[in-house]
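Commentary on secondary and tertiary structure
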Amino acid sequence: MIFETERIRIRNLNENDIEKMICYRSDERCNRFQRYEDFNWEYMHNFIEKYEHSIFLSLEDEQHYAITLKNDSSIVGDFSVFYTESDNSGNLYSLWFHG
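Throughout what follows, the structure given in this document is the object of discussion.

Definitions and cut-offs
Residue positions within a chain follow its written sequence, with the count starting from 1. Where local features are concerned, this predicted model is filtered to residues with pLDDT of at least 70; where side-chain atom pairs are given and counted, the filter is 80 or more; whole-chain, interface and lining totals use all residues. Water and hydrogen atoms play no part in the side-chain values, which are based on all heavy atoms of the structure. Residues enter a nonpolar core if they are buried and are Ala, Val, Leu, Ile, Met, Phe, Trp, Tyr or Cys, with the set joined through side-chain atoms within 4.5 Å. Remark: exposure states derive from per-residue accessible area (1.4 Å probe, protein chains only) relative to the maximum for the residue type, with buried under 20%, exposed over 50%, and partly exposed in between. The helix and strand labels rest on DSSP assignments: H or I over at least four residues marks a helix, E over at least two residues marks a strand, and numbering proceeds from the N terminus. Whether two residues touch is decided by their heavy atoms; if any such pair falls within 4.5 Å, the residues are in contact. Here, a salt bridge means any side-chain nitrogen of Lys or Arg that lies within 4 Å of a carboxyl oxygen of Asp or Glu. Here a polar contact is recorded for every N or O atom pair within 3.5 Å, except that within protein the pair must consist of a potential hydrogen donor and a potential acceptor, and residues adjacent in sequence are included only if both atoms are side-chain atoms.

We now examine the nonpolar core. Judged by nonpolar contacts, the single largest core of 13 residues is most densely connected at L13, M21, M44, F47, I48 and I75. Among the elements of the structure, α1 (18-26) and α3 (41-51) are those that each provide at least two residues to this core. Those residues in contact with M44 that sit more than four places away from it in its chain are I18, M21, I22, R25 and F39.

Our focus in this paragraph is the pattern of salt bridges. If you walk through the whole model with that rule in mind, you get four salt bridges. A salt bridge links R9 to E4; the shortest N-O distance between them is 2.5 Å. Owing to a relative accessible area of 29%, R9 belongs among the partly exposed residues under this scheme. Residue E4 is classed as partly exposed on the basis of its relative accessible area of 32%. In this structure, E4 engages K70 in a salt bridge whose closest nitrogen and oxygen atoms are separated by 3.7 Å. With a gap of 66 residues between them, E4 in strand β1 (residues 3-4) and K70 in the loop between β3 (62-69) and β4 (75-84) connect regions that are remote in the sequence. Accessibility expressed as a relative area gives 27% for K70, which makes it partly exposed. One salt-bridge network, in which partners are shared between bridges, spans E4, R9 and K70.

This paragraph deals with the side chain of R25. Along the chain, R25 falls in helix α1. Among the polar contacts made by the side chain of R25, one reaches the side chain of D78 at a distance of 2.2 Å.

Structure (structure tokens):
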């Protein structure tokens, strides 16, 4: 676990996240706000393998983390940080828990 509030946890991605990430990232209601076009298992496996050891808010150019409910380790969304020397920005993706 990297960060925790009363309701959620942010943690590193892991192999157990693949199926749910494919599900919500390929849903057109969620994907219409994103730029992702490839949702197959192999792509997501490679994506998670690449980012599962991201160091939170480090100077890595691109970082990705899982968002879970506090009492459940299942992913409900993912958070990305894209770092440049002039800007830090992030995106939150979730289908099930808007609001």
